[in-house]
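One-letter residues, chain by chain:
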Amino acid sequence: MTGIDILPVLVANVLLGSLFLLSGGGKLRDFPGFVGTLGNYRLLPAALVRPAGAMIVLAELALGAAAIIAVPLGSQIAMLGIAGLLLAYATAMGINIARGRDHIDCGCLGFGAAQATLGWELLLRNIALATFAFAVFALPFSARPLGAIDWISGIGAIAAFALLYLGFGQFSASGLRGKAVVR
């Protein structure tokens, strides 16, 4: 073997690719809402918010699809793009948190009942996901045929990580962060 096993790479591709497809799809479903959220960050001139929003949606959808479909080389390039976008999002969040503007919606996955306001935990989540994506891009891996145990393990890992991510999202949106919970 000349690198890490292909299974963790495939799991990462599916997880991050799906996350970006869901995120881009949510933004596309309510594009005016996303453009409003992007404008609330106050990082772009008003005339550039809508075109930037369109570019973000297209980038998320393209990178998400490439991460899942274009294995192995295309998915590694997609992981580099995903890492870059996640770091750009973390930077935008950090600028607004530093400005005291943590009350705005993060715009992470779309615009429904589970909106989350900016916070350090979201910024750190994006940095962690970017680091994960960059590791998948940078680390060499060795391809091999997948067996039944690989498929079961991969599906289990995807399900476990997806549940953890959803749980984190619910925690972030619940308004409990930073507050002591008394039972």
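Residues numbered from 1 in each chain as written. Predicted model: local features only at pLDDT ≥ 70, side-chain atom pairs only at ≥ 80, totals over all residues. Heavy atoms only, no water.

Draft legend 1. Molecular detail of the overall build of the protein. Assigned secondary structure in the protein consists of 6 helices and 2 strands. For the protein, the succession of helices and strands along the chain, N to C, is β-α-α-α-α-α-β-α. For the protein, with 183 residues in total, the buried portion stands at 39%. By sequence separation, contacts in the protein at least 24 residues apart represent 75% of the contacts at least 6 residues apart. (Helix = DSSP H or I, 4+ residues; strand = E, 2+ residues; numbered from the N terminus. Buried < 20%, exposed > 50% of the residue type's maximum accessible area, 1.4 Å probe, protein only. Contact = heavy atoms within 4.5 Å.)

Draft legend 2. Local environment of helix H2 (residues 31-40). Of the positions making up H2, those classed as buried are Phe31, Phe34, Val35, Thr37 and Leu38. When H2 is viewed along its axis, its buried side chains cluster within an angular range of 160° and face the same direction. At its buried positions, H2 is contacted by helix H1 (6-29) and helix H3 (46-69). Where H2 begins, the side chain of aspartate 30 points an oxygen toward the backbone nitrogen of glycine 33, at a separation of 3.0 Å. A positive backbone phi angle near 55° is found at arginine 42, which sits one or two residues after H2. (Arc of directions from axis to C-beta. Polar contact = N/O pair within 3.5 Å; in protein donor to acceptor, adjacent residues only side chain to side chain.)

Draft legend 3. Quick look at the packing of aromatic side chains. Within the structure shown, the criterion is met by 2 aromatic pairs. Look at phenylalanine 31 and phenylalanine 34: their rings are 6.5 Å apart centre to centre, the planes differ by 50°, and that puts the pair in the tilted class. Of this pair, phenylalanine 31 and phenylalanine 34 both sit in helix H2, 3 residues apart, roughly one helical turn. The burial state of phenylalanine 31 is the same as that of phenylalanine 34; both residues are buried. For the pair phenylalanine 134 and phenylalanine 137, a centre-to-centre distance of 5.6 Å together with 45° between the ring planes defines the contact as tilted. In this pair, phenylalanine 134 and phenylalanine 137 both sit in helix H5 (residues 120-138), 3 residues apart, roughly one turn of the helix. (Phe/Tyr/Trp six-rings, centres within 6.5 Å; stacked < 30°, edge-to-face > 60°.)

Draft legend 4. Layout of H3. Its 24 residues place the ends of H3 35 Å apart at the C-alpha level, agreeing with the 34 Å of an ideal helix rising 1.5 Å per residue. Along H3, the residues that are buried comprise Val49, Ala52, Gly53, Ile56, Val57, Glu60, Leu63, Gly64 and Ala67. (Expected span 1.5 Å × (residues − 1).)

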